Amino acid sequence: MTELFTHKDRLVPYITPWSREKVTQPVPVATLHGIAYPGPAEGRDADDDVLWQCWRRHPGAGEPLWSEVHGPRQRHAMHRRLCQVCAGPADRDEQGWLWLLEDERDSGPTWPDGEMTTHPPVCRPCLPVAARLCPHLRRRGAVAVRVAEVIVDAVYGHRYHHGPFGLYAGKADVFLTSSWSIRWVVGNQLVASLSQCTVLDPVETGIKTPVSRAQIRR
Ligand SMILES: [Zn+2]
């Protein structure tokens, strides 16, 4: 069972990094096959080609960085369908995995089919906790969704380019892991593509967002 931490009486989600987990990022260099970190810096998982942003693994050390995501824990949760808050198994029923998404129901009748997200799924008890604690969802409003088909097939990160003064990072974007350019990307988080989705009734799930400041402290 994964140890969970609190800070000032607030639960800190599994994927939230702590200040002492942050490291100075090594500068990538060009190789024959894309980019790599010079020297012994860890940058790749055993099972993929992506060069990842570096993090220490020391949850509970320092202060939580509420607006950031710990890359290795996010990837672990995404690959194994673990709850983003408690790292237990995410909830699943006949309609699929339980996901909490930014509420974009006004973007069209097919939403969220085809949605790409960096948020890992959630378990049922953590659903309201995730809605309260995730700064992004709290600001924009969230809705619970069942997802029957999940494909983890992309990376959110920065692609590096050759410039007159050496390599430089482009702006953050989503890159398919199957694309040729993935070897030029420093990844921040995994991205899942969601389809066969069912939006759940906010009244039944008890998700009320945007959340008031008073609720955030509970
Ligand atoms: Zn949970």
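Bear in mind that the values here come from a model prediction, so they are computed numbers and not experimental data. (Residues numbered from 1 in each chain as written. Predicted model: local features only at pLDDT ≥ 70, side-chain atom pairs only at ≥ 80, totals over all residues. Heavy atoms only, no water.)

Q: Before we move on, could you go through the layout of surface pockets and cite the residues and values that matter?
A: Sizing a probe to match a water molecule and rolling it over the atoms shows the empty space that remains. Its boundaries defined by the atoms lining it, the largest pocket holds a volume of some 610 Å³. Lining the largest pocket are 29 residues, and of these Val69, Thr118, His119, Cys134 and His136 sit closest to its centre. For the lining of the largest pocket, the element with the highest residue contribution is helix α3 (residues 135-140), accounting for 4 residues. In the lining of the largest pocket, the residues fall into 13 nonpolar, 10 polar and 6 charged. Computed from the structure, the second largest pocket encloses a volume of approximately 270 Å³. For the second largest pocket, the lining is made up of 12 residues, of which Arg57, Pro72, Arg73, Arg75 and His76 are closest to its centre. Within the lining of the second largest pocket, the residues separate by chemical class into 3 nonpolar, 3 polar and 6 charged. (1 Å grid on protein atoms, 1.4 Å probe; cavity = no way out; pocket = protein on both sides within 12 Å on 5 of 7 lines; lining within 4 Å. Points joined across faces, edges and corners; volume = space filled by probe spheres on them. Helix = DSSP H or I, 4+ residues; strand = E, 2+ residues; numbered from the N terminus. Nonpolar A, V, L, I, M, F, W, Y, C, P; charged D, E, K, R; others polar.)

Q: Outline the nonpolar core, supporting the account with residue identities and numerical values.
A: Counting 20 residues, the largest nonpolar core has Trp99, Val147, Val150, Val155 and Leu194 as the members making the most contacts within it. Contacts of Leu194, omitting those with residues within four sequence positions, involve Trp99, Leu101, Pro112, Asp113, Gly114, Glu115, Thr117, Val147, Glu149 and Val150. (Core = buried A, V, L, I, M, F, W, Y, C linked by side-chain atoms within 4.5 Å. Buried < 20%, exposed > 50% of the residue type's maximum accessible area, 1.4 Å probe, protein only. Contact = heavy atoms within 4.5 Å.)

Q: Can you explain the pattern of salt bridges? Please cite residues and give values.
A: A full pass over the atoms with the stated rule returns 5 salt bridges. Here Glu21 ties to Arg73 by a salt bridge, and the two come within 2.7 Å at their closest N and O atoms. You can see Glu21 sitting in the loop between β2 (10-12) and β3 (29-31) and its partner Arg73 sitting in helix α1 (residues 71-80), a full 52 residues away along the chain. Here the two residues Glu21 and Arg73 agree in accessibility, since each one is buried. Note that Arg105 and Asp103 form a salt bridge whose closest N and O atoms lie 2.6 Å from each other. Given the relative accessible area of 39%, Arg105 is considered partly exposed. Linked through salt bridges whose partners overlap, the residues forming this network are Asp91, Asp93 and Arg146. (Salt bridge = Lys/Arg side-chain N within 4 Å of Asp/Glu carboxyl O.)

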